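Listed below are the residues making up each chain.
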Amino acid sequence: MPASRLCTRSLTLCAAALLGTGLVATEFPTIAPAAKSSVSQIRTVTLPYTMAAVIDESSTTIGIADSSLYSMSSADLNATLDKIQSLGVTSVRVLVPWASVENRQGVYDWTQLDQLVNAAQSRGISLVATVAATPWWAGNIISGHTDPAVYAGFTTAIATRYKGKISGYEVWNEPNSTLFYNPIDPAAYTAMLKAAYTAIKAADPNAVVIAGVVGAAVTSGITLNPVDFISQMYAAGAAGYFNALSYHPYQYDASYSSNDHPDAPSLQIAAIRALMAQYGDSAKKIWITEYGQPTTGAYTEARQAEFIRDFIETWQKQAGAGPIYIYETRDTNTGSSSTEENFGLFHTDWTAKPAAQVLAELIAKYASGSNSGTPSTGGGNTGGGNTGGGTTGGGTTDPGAALNDAFQQMMAALAAQFQQMLNDLAAALGNAYGANAATTTTVTKLAAQASSASATTTATTAAATTTSTATATPTPTATTTPSAATQSTTQPKASSSATATPTATATATPTATATPSATPKATATPTATATPTATATATPTATATPSATPKTTATPTATATPTETATATKSSSGASTKTN
């Protein structure tokens, strides 16, 4: 894949500030920066106990990722959080640099983190803490592997101290890059994840543990494709040891909705979702804990605003989509030639870029509930999702109208579920075999048939309802059984042939009977029984037979049986990588 299509991040590791040593900051050409931090005189500050703001694990949660918050002075921290809050942001992703907090084994300096937690709490801002950066005594500084039990000991200390104050924890940052985890080893990362998950949950059962934290990348000497990384995580036993996965879909030269190359972030996410389904994690969400665009050279402020809008709006329509964190608040050096210094929503002098207004506008839009996309399903780590009482319970007093409302909601949910299954099927076929007009048309027709069946059923049921006392027993049955051939993301050099033939049948059969019975006097006792039975069965079958010499081969196999799934997490294969 051409390098021009896969912009990568540059990384400035401020080791001197991070470790309190005299090391000189070093710029690396292809990944993201670790935040600055400082170690002051070791002391402990006792925080008053107040509960943290809870993170809404839906795709409409739009926060900011800002690693520099940890190292700021009190005045700068408060000024920055005030600006963040002015945009409507209620959640922030921050770096907790292990190398700074525990610069000497067993000795903790909580000064900077206490300051940050206090300042966020006072504003009702929830925190996601990325626990990364190896201290010198635990392995190679910044990126070294460490004993999983030692890392777990540090996460125990954090989760115990900030129980109810930090809402989520990311286990490391971009371990699919050697600049953050060297050598890249998904099995070793999984061992660390399992130890950390167990430790965090023991200290704070309500905390969300976020795994992966992978950057969009292609496999090279210093990075591993995130799909392969997560596949190997699962093979090493990662299932059951996280509440969500996170991903950084940086792609400087193209918008997120552009997927015209095989390593586009949107396609990598689709492959990761397939892996999650394969291992029984389809109810868990993917969080975007870093995404942004620089404003240097050809990367204009207008493009930054355009790409951020494109990403946020496209993300709302994606199944299994979790919260978004845009990188970052302010440029460190507006006007410099370094992309790394110009990711801010604000210039260095705090004047706003167009992207700041876009972010504020979209936060307000989705906070008002005007999300026009397909809502991500499931309730995340906290459960509950967005289902529940509907419009009943104190508002509607007419039993017949209540029955009609309930049945309409049921049929709408079934239609939406079937529609999503067809959308996922179309995306999977497109990802594996390329866009195909016939396939797209077929899936669209099937979706239309499902919607039509739902509408007809709703209308029939509405006609059968009664405005008298009624007993309703809706019995919906929905079965969706997609059967997909093993998908191969092999990119052939020569010709290939692919045939995709999805077949789906949707049948909705409501039955409603109303039998009023009344005596000759003024007393009437109507009895109405409605028993709608809706069955939606879709059995798509896709078979692809590519004939070619493969350039690269990745074979994720996904089997998805949607019934009601969901839950609730800078780099790019053509994009970049970044620290926190």
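Asker: An account of the pattern of salt bridges is needed here, citing residue identities and associated values.
Answerer: Considering all chains together, one arrives at nine salt bridges under this definition. One salt bridge in this structure joins Arg123 and Asp82, with 2.9 Å as the shortest N-O distance. With Arg123 in the loop between α4 (111-122) and β5 (126-132) and Asp82 in helix α2 (residues 74-86), the pair connects residues that are 41 residues apart, well separated along the chain. Residue classification places Arg123 among the buried positions, given a relative accessible area of 16%. What makes Asp82 partly exposed here is its relative accessible area of 41%. Two residues, Arg309 and Glu313, come together in a salt bridge whose shortest N-O distance is 3.7 Å. Residue Arg309 and its partner Glu313 are located together in helix α9 (residues 301-315), separated by four residues, close to a single helical turn. Three or more residues are tied together by salt bridges with common partners; here these are Arg309, Glu313, Glu361 and Lys365.

Asker: Quick rundown of the sheet that holds strand β4 (residues 91-97)? Include the residues and the values.
Answerer: If you walk around this closed barrel you meet the eight strands as β3-β4-β5-β6-β7-β8-β9-β10, and the pairing is parallel. When strand polarity is set aside, the average angle formed by the axes of neighbouring strands in this sheet is 30°. In the sheet, strand β6 (residues 168-171) pairs with strand β7 (residues 208-215) via three bridges, with the strands oriented parallel. Along β7, the bridge assignment pairs Tyr169 with Val209. Along the sheet, helix α6 (residues 186-203) makes contact with β6 and β7, crossing β7 at roughly 155°.

Asker: Summarise the packing of α6 against helix α7 (residues 226-235); cite the residues concerned and give the values.
Answerer: Two numbers describe how α6 lies on α7: the axes approach to 8 Å, and their chain directions differ by 60°. As the angle between them shows, α6 and α7 are arranged oblique. Classified by chirality, the crossing of α7 by α6 is right-handed. Only Phe229, Gln232 and Met233 of α7 make contact with α6, whose side of the interface consists of Pro186, Tyr189, Thr190 and Leu193. The class makeup of the residues in the contact of α6 with α7 is five nonpolar, two polar and no charged.

The rules behind the values
Residues numbered from 1 in each chain as written. Predicted model: local features only at pLDDT ≥ 70, side-chain atom pairs only at ≥ 80, totals over all residues. Heavy atoms only, no water. Salt bridge = Lys/Arg side-chain N within 4 Å of Asp/Glu carboxyl O. Helix = DSSP H or I, 4+ residues; strand = E, 2+ residues; numbered from the N terminus. Buried < 20%, exposed > 50% of the residue type's maximum accessible area, 1.4 Å probe, protein only. Pairing = 2+ DSSP bridges. Axes fitted to C-alpha atoms, helices over the stretch in contact; angles between N-to-C directions. Contact = heavy atoms within 4.5 Å. Parallel < 35°, antiparallel > 145°, perpendicular 65-115°, else oblique. Left-handed = near helix turned anticlockwise from the far one by under 90°. Nonpolar A, V, L, I, M, F, W, Y, C, P; charged D, E, K, R; others polar.

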